[in-house]
Amino acid sequence: MQNSPTITIIGAGVSGLCAAIHLKNSGFTAQIYEAHNHVGGRVATDFLNDMILDHGFQVLLDAYPAAQEFLDLKALDLVKFSPGAYIFCDGKKSTVGDPTRDPSFLLTVAFSKVGSIKDKFKIFTLSRKLKQKSLQEIFEAKEQTTLSYLQEAGFSEKMISNFFKPFYAGIFLEDELQTSSRMFEFVFKMFAEGSATLPKNGIAAIPKQLASHVSEDQIHLDQSVSRVAGSQITMADGSKLESDYSIIAAQADRLVPNLPISNMKWHEVTVLYFNTANSGFKKPIIGLVSAENTLCNNFHFLQDVFEGHEKVVSVSVVKEYDYKITELSDRVRMEMKEHCDIGLGEMIHSKIIKKALPDLKNINYSMNPTETQLTENVYLAGDQLSNGSLNAAMLNGKAAAQAVIDKIEGKVVVG
Ligand SMILES: Cc1cc2nc3c(=O)[nH]c(=O)nc-3n(C[C@H](O)[C@H](O)[C@H](O)COP(=O)(O)OP(=O)(O)OC[C@H]3O[C@@H](n4cnc5c(N)ncnc54)[C@H](O)[C@@H]3O)c2cc1C
């Protein structure tokens, strides 16, 4: 396109990449500046001796509408997790699962002591109700904490503490079910309509695929932006760029002058990888530790998910702790033995993710393009504008890009 306006995207996370893709699909080219040496932001994988070690246990829910729009799910070669979980407490294992989708759960769930018969019936009716509820209805519904929502829905305290708390702690990255009931309904609906999946090469295959849709020379890695003022962008090294439009697909408050510092809180998670002699569950399924006062939240065996991975367990810790990582690994070893009867050997890798999910009190599904405009020519994207999910990150990237396109094409209605 001749005399095309310059568009700059700050941040090559999932949101920034989707903004670039949407612009490209509409005939515009953006330059992306990324502070780190890789694309994907929070969606990252370390490779250690060919082992796939994701930065925290995160899954792609394949029912996400945005995933279907932006990703070639087939090419990602997704491994589906079983629609259920093994729940461990004091050395005993129970099962929660959806027997209508995986018949192997039929007997185990029927006899599981996780909740009452009434709870099992309620799960079934909730699933049916949320499948019928539209996303719009979910995000317009009254907001309350997930805990009060579940209590109001009549689930027993046993079901809440044995299943919902540990299961959703691993998703919300907080263990008190204080996250908005809208997010609970959204995630539950996505689980009911699809599967929790992981690309067979690890979670970072998602941003890698997204980045493959834009030209390599559009992505500038190791280029941290320190300020965005009007059409001037100042890089961390002091150099300056001019850009007609900027999309900040990262936290904006420290980049844009006169913006109040938001002091946004974040949920943190630590993931630890251990060798083990245990041969796994023989299918991709999540293990949950539901005992009180434990730090371990969820775990899975890598060999159940990734080809060629032998005897490695990934354990996530969501609760706050006051240990050094070696002390934490000792504690995790002890808890895994006591509650799950799984012996862990050497810790081979760990990652503390301080800013994993934004702690948002009022959440929405995604932004409208007009809502993403911050100043005359600066726009915002990122999951933190709506809800902590890949779906929101993708949609908000698209919304900001669409707002820029509308501005360029003179479609913005003022007043
Ligand atoms: C452990 C964990 C588990 C999760 N689990 C799930 C899950 O199961 N399902 C799900 O849907 N979502 C999950 N998420 C959330 C999901 O990863 C995020 O919603 C999504 O990655 C957010 O993308 P983003 O582009 O908005 O932000 P980010 O990924 O944070 O991207 C922002 C980018 O901007 C860059 N940047 C920041 N400042 C600057 C600067 N000054 N200059 C240049 N670049 C800058 C950053 O380096 C980064 O690359 C999880 C996240 C974590 C960490």
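About the cut-offs
- Residue numbers here run from 1 along each chain, matching the order of that chain's written sequence.
- For a predicted model such as this one, the threshold for reporting local features is a pLDDT of at least 70, and the threshold for listing and counting side-chain atom pairs is 80 or more; totals across whole chains, interfaces and linings nevertheless cover every residue.
- Each side-chain value is derived from all of the structure's non-hydrogen atoms; neither hydrogens nor water enter the calculation.
- In these notes, residues near a molecule or strand are those with any non-hydrogen atom within 4 Å of it.
- Here a polar contact is taken to be a pair of N or O atoms separated by no more than 3.5 Å, where protein atoms must pair a possible hydrogen donor with a possible acceptor and residues adjacent in sequence count only if both atoms sit in side chains.
- All accessibility values rest on the Shrake-Rupley procedure with a 1.4 Å probe; residue burial counts only the protein chains present in the view.
- Here a helix means four or more residues in a row that DSSP labels H or I, a strand means two or more in a row labelled E, and each is numbered from the N terminus.
- Either an automatic procedure or a domain database provided the assignment from which the domain bounds are taken.
- Accessible area is worked out with a 1.4 Å probe on protein chains only. A residue is then buried under 20% of its type maximum, exposed over 50%, and partly exposed in between.
- We call a set of buried Ala, Val, Leu, Ile, Met, Phe, Trp, Tyr and Cys residues a nonpolar core when their side-chain atoms join them within 4.5 Å.
- A contact between two residues is defined here by any heavy atoms of the two lying within 4.5 Å.
- Two strands pair if DSSP finds at least two bridges between them.
- Throughout, an axis means a line fitted to C-alpha atoms (over the contacting stretch in the case of helices), and angles, computed between N-to-C directions, take values from 0 to 180 degrees.

Tell me about the site of the ligand, and name the residues and values.
Close to the ligand lie 35 residues; Glu34, Arg42, Tyr64, Val225 and Asp383 are nearest. Serine 15 has a polar backbone atom sitting 2.9 Å from an oxygen atom of the ligand. One of the side-chain nitrogen or oxygen atoms of arginine 42 is found 2.8 Å away from an oxygen atom of the ligand. Isolated, the ligand exposes 1,000 Å² of accessible area, and the fraction of that covered by the protein chains is 89%. If you list the elements that add at least two residues to the shell around the ligand, you get helix H1 (14–25), strand S19 (344–358) and helix H11 (390–408). No other element matches the 3 residues that S19 contributes to the shell around the ligand. Taken together, domain 1 (7–44 + 204–264 + 369–408) and domain 2 (51–199 + 266–358) each give at least three residues to the shell around the ligand, which thus spans both.

Tell me what's going on with unusual backbone geometry, and back it up with residues and numbers.
Positive phi outside glycine occurs at aspartate 50, with the angle close to 65°. Residue aspartate 50 is classed as exposed on the basis of its relative accessible area of 73%. A positive phi angle, close to 50°, is found at aspartate 90, a residue other than glycine. You can see aspartate 90 is positioned in the loop between strand S7 (84–89) and strand S8 (92–97).

I'd like a rundown of the nonpolar core, residues and numbers included.
Among the nonpolar cores identified, the biggest contains 92 residues, and Phe164 and Ile247 are the most heavily contacted of them. Tallying contributions element by element places H11 first for this core, with 9 residues. Looking at this core, you find at least three residues from each of domain 1 (7–44 + 204–264 + 369–408) and domain 2 (51–199 + 266–358). Excluding anything up to four places from it in sequence, phenylalanine 164 contacts Ile123, Leu150, Phe155, Met159, Ala169, Leu177, Phe184 and Phe188. If you look at the next biggest cluster of nonpolar residues, it comprises 20 residues, including Tyr86, Ile285, Val315 and Leu344.

How would you sum up the pairing of strand S14 (residues 245–248)? Please name residues and give values.
Side chains of S14 alternate between two faces, with Tyr245 and Ile247 and Ser246 and Ile248 buried alike. When strand S1 (residues 7–10) meets S14, the two strands line up parallel, connected through 4 bridges. Considered in S14, the bridge of isoleucine 10 is made with isoleucine 248. Bridge count between S14 and strand S21 (residues 378–380): 3 bridges; the pairing is parallel. Opposite isoleucine 248, over in S21, you have leucine 380 as the bridge partner.

Can you lay out the sheet that holds S7 for me, pointing to particular residues and giving the numbers?
In any sheet, the strands associate via hydrogen bonds between backbone groups, in a parallel or an antiparallel arrangement. Strand order in the open sheet made by the 7 strands is S8-S7-S16-S17-S18-S15-S19, with mixed pairing throughout. In the strand order of this sheet, the two ends are held by S8 and S19, each with one partner. Shown here is a sheet whose adjacent strand axes are inclined to one another by a mean of 25°, direction ignored. Relative to S8, S7 is paired through 6 bridges, and the arrangement is antiparallel. Across the sheet, residue alanine 85 finds its bridge partner in S8, namely valine 96. Helix-sheet contacts for helix H10 (residues 325–340) involve S7, S8, strand S15 (266–276), strand S16 (286–289), strand S17 (296–301), strand S18 (312–317) and S19, and the interaxial angle to S19 is about 105°.

Give a description of the pairing of strand S3 (residues 45–48) that names residues and reports values.
Where S3 lies against strand S4 (residues 51–54), 4 bridges are found, and the strand directions are antiparallel. Residue pairing for S4: aspartate 46 is matched across the bridge by leucine 53. From the end of S3 to the start of S4, which pair antiparallel, there are 2 residues, and asparagine 49 there has a positive phi angle of about 50°.

Distances and angles like these do not, on their own, reveal function.
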